[in-house]
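Read off the chains here:
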Amino acid sequence: MAESTSWKVQAGTPNPAIASDVFGYSGYEEHLTRPVRRLEIGTPCPTLIIGLDSALRVSPISGQSAFTCQSLFVGPAALPVIVEHGGELRCIEVSLSPWAAAAILGPAEGWPGYAAPLDEVWQRAGGELEESLDGLPSWAARFEMLDRMFGVEILAACTPRTELRWAWNEVRRLGGDARVNKLAAGLGWSSRHFISKFQEITGLTPKAQARRWRFQKARTCLDQTSLSLAQVAACCGYSDQSHLSREFRELGSCTPAAYRAARFTDLPGLPAEAAEAT
């Protein structure tokens, strides 16, 4: 008998006043007749996953203790986790700039270096926020509520130095090709001062941030092209295919071949077997 499956994704565009710091909203709704176990790989941007009416079981692959939560914070330094739910899920994913995350959650030095319950870093989460969003009639209404909430907090507190915003955007644009000495020179700063200020604001050194953007580029390449692994490695700035594979194991807890083979077999996510097969 065929599995009864229903899932959909609703994308939302943030208000123009905050669009340079809130990169997008995604509303996910899933109804399955079976439990779900997925490998969740973070992005280089701080990310909020706000659950509306269900619990998530989160098991870090790095060996930390598993936990259950409704909403999740995934910082730029977080390693992959296995996320489980019972088959019913509705949540909103929000991708932020480091400055927006700092305005909402506090300075980067206080962000966990691992996936953590959102209510550990944001007092609004953990009940009232989720219930308020759940009670709204549509995804558009939920996105508008987040626009209003983020607009107040970000516009009041998000005043990054233009030099560091430029540098972060350059690292984002260049990915693995970003060079600390060139970025520092472009600002008229010493490399040591640049690295210190960049990490203070973004939570990662420029080199670590560039590494994650390069990995993100490789993931996109595997998702959207039929290039061989060697070609993906070359176009994304890795020294060779072995280098690409090492980075996937460390930052993605799977091989690039397992990632590509499993990517669309359990929409809208990546099945946990991608990690367990390596």
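Keep in mind that what you see is a predicted model, and the values were worked out from it rather than measured.

Rules used in this analysis
- Along each chain, the written sequence defines residue order, and numbers are assigned to residues from 1.
- Local features in a predicted model are, by the rule used here, given only for residues with pLDDT of at least 70; side-chain atom pairs are given and counted only at 80 or more, and totals for whole chains, interfaces and linings are based on all residues.
- Side-chain figures throughout are based on the complete set of non-hydrogen atoms in the structure, without hydrogens or water.
- Labels follow the DSSP assignment, with helices taken as runs of H or I lasting at least four residues and strands as runs of E lasting at least two, numbered in each case from the N terminus.
- Within these notes, the globule rule equals 2.2 Å times the number of residues to the 0.38 power, and the radius of gyration is based on C-alpha atoms.
- Note on classification: 1.4 Å probe, protein chains only; a residue is buried when its accessible area is under 20% of the maximum for its type, exposed when over 50%, partly exposed between these limits.
- Residues are treated as being in contact if the distance between any of their heavy atoms lies within 4.5 Å.
- Under the convention used here, a 1.4 Å probe and the Shrake-Rupley method define accessible areas, while residue burial counts only the protein chains that appear.
- Only four residue types enter the tally: Lys and Arg on the positive side, Asp and Glu on the negative side; His and the chain ends are excluded.
- A single reference atom marks each charge: NZ on Lys, CZ on Arg, CG on Asp, CD on Glu.
- Buriedness for pockets is judged along seven lines, at least five of which must meet protein on both sides within 12 Å for an open set on the 1 Å grid over protein atoms alone, while cavities are sets there where a 1.4 Å probe fits but cannot get out, and lining residues have an atom within 4 Å of a point.
- Grid points are joined across faces, edges and corners, and a volume is the space filled by probe spheres set on the points.
- Basically, the charged four are Asp, Glu, Lys and Arg, the nonpolar ten are Ala, Val, Leu, Ile, Met, Phe, Trp, Tyr, Cys and Pro, and anything else, Gly included, counts as polar.
- The predictor rates its confidence in each residue with pLDDT, a number between 0 and 100.
- Between 30 and 60 degrees the pair is tilted, below 30 it is stacked and above 60 it is edge-to-face, where a pair is any two Phe, Tyr or Trp rings, Trp via its six-membered ring, whose centres lie within 6.5 Å.
- By convention a nonpolar core is built from buried Ala, Val, Leu, Ile, Met, Phe, Trp, Tyr and Cys residues, the set being connected through side-chain atoms within 4.5 Å.
- The salt bridge definition used is simple: a Lys or Arg side-chain nitrogen within 4 Å of an Asp or Glu carboxyl oxygen.

A word on the overall build of the protein
Then, in step 1: Of the regular secondary structure elements, the protein holds 11 helices and 11 strands.
Then, in step 2: Whereas a compact globule of 278 residues would reach a radius of gyration of roughly 19 Å, the protein reaches 19 Å, a difference of no more than 12%.
Then, in step 3: Burial analysis of the protein (278 residues in total) assigns 51% to the buried set.
Then, in step 4: Taking the intrachain contacts of the protein between residues at least 6 apart in sequence as the baseline, contacts between residues at least 24 apart amount to 70%.
Then, in step 5: Working note: accessible area of the protein is about 13,100 Å², and carbon and sulfur atoms make up 50% of it.
Then, in step 6: Here the protein carries 27 positive and 30 negative side-chain charges, and the mean point of each set is 9 Å from the other.

What to know about empty space enclosed by the protein
Then, in step 1: Following the criterion strictly, the structure yields one cavity of 30 Å³ or more and no others.
Then, in step 2: Empty space within the largest cavity amounts to approximately 100 Å³.
Then, in step 3: Along its surface, the largest cavity is lined by I41, G42, T43, P44, P76, A78, L79, P80, R212, F215, Q216 and L251.
Then, in step 4: Of all the elements, helix α7 (residues 206-224) adds the most residues to the lining of the largest cavity, at three residues.
Then, in step 5: For the lining of the largest cavity, the class distribution of residues is eight nonpolar, three polar and one charged.

Digging into the confidence of the model for the protein
Then, in step 1: Looking at the protein as a whole, its pLDDT mean stands at 91, while 94% of the residues score no less than 70.
Then, in step 2: At the low end of the mean pLDDT range in the protein sits helix α11 (residues 273-276), at 81; at the high end sits strand β4 (residues 47-51), at 97.

So, the packing of aromatic side chains
Then, in step 1: The full count for this structure, using the stated rule, is 11 aromatic pairs.
Then, in step 2: A ring pair is formed by W99 and W168, whose centres lie 5.9 Å apart and whose planes are at 85 degrees; its orientation type is edge-to-face. Here W168 lies in helix α4 (residues 162-174) and W99 lies in helix α1 (residues 98-105), a separation of 69 residues in the sequence.
Then, in step 3: Here W99 falls in the buried class, since its relative accessible area comes to 7%.
Then, in step 4: Taking the relative accessible area as the measure of exposure, W168 reaches 1% and is therefore buried.
Then, in step 5: Judged by centre distance (5.6 Å) and plane angle (65 degrees), the rings of F248 and Y259 are edge-to-face. Placement of F248 in helix α9 (residues 241-252) and of Y259 in helix α10 (residues 256-262) is noted, with a sequence separation of 11 residues between them.

Some thoughts on α1
One full turn of an α-helix is made of 3.6 residues, so residues set three or four places apart face in the same direction.
Then, in step 1: Counting buried positions along α1 gives seven out of eight residues, so the element sits mostly inside the fold.
Then, in step 2: All of the buried residues along α1 are P98, W99, A100, A101, A103, I104 and L105.
Then, in step 3: Next to the buried residues of α1 lie β4, β7 (72-74), β9 (88-96), α3 (139-157), α4 and α6 (191-202).
Then, in step 4: The positive-phi residue at the C-terminal boundary of α1 is G106, with phi of around 110 degrees.

Structural notes on the nonpolar core
Burial of nonpolar side chains together is a common tendency in soluble globular proteins.
Then, in step 1: Grouped together as the largest cluster of nonpolar side chains are 30 residues, with contacts concentrated most on L48, V94, L105, W122 and F150.
Then, in step 2: Mapped by element, the contributors of at least two residues to this core are β2 (22-32), β4, β9, α1, α2 (128-134) and α3.
Then, in step 3: One finds L39, V232, Y238 and Y259 within the second-largest nonpolar core, a separate group that totals 22 residues.

Let's talk about the pattern of salt bridges
Then, in step 1: Across all of its chains, the model carries 11 salt bridges by this definition.
Then, in step 2: Where R90 meets D53, a salt bridge forms, and the shortest distance between an N and an O atom there is 2.9 Å. With a gap of 37 residues between them, R90 in strand β9 and D53 in the loop between β4 and β5 (56-60) connect regions that are remote in the sequence.
Then, in step 3: For R90, a relative accessible area of 14% corresponds to the buried category.

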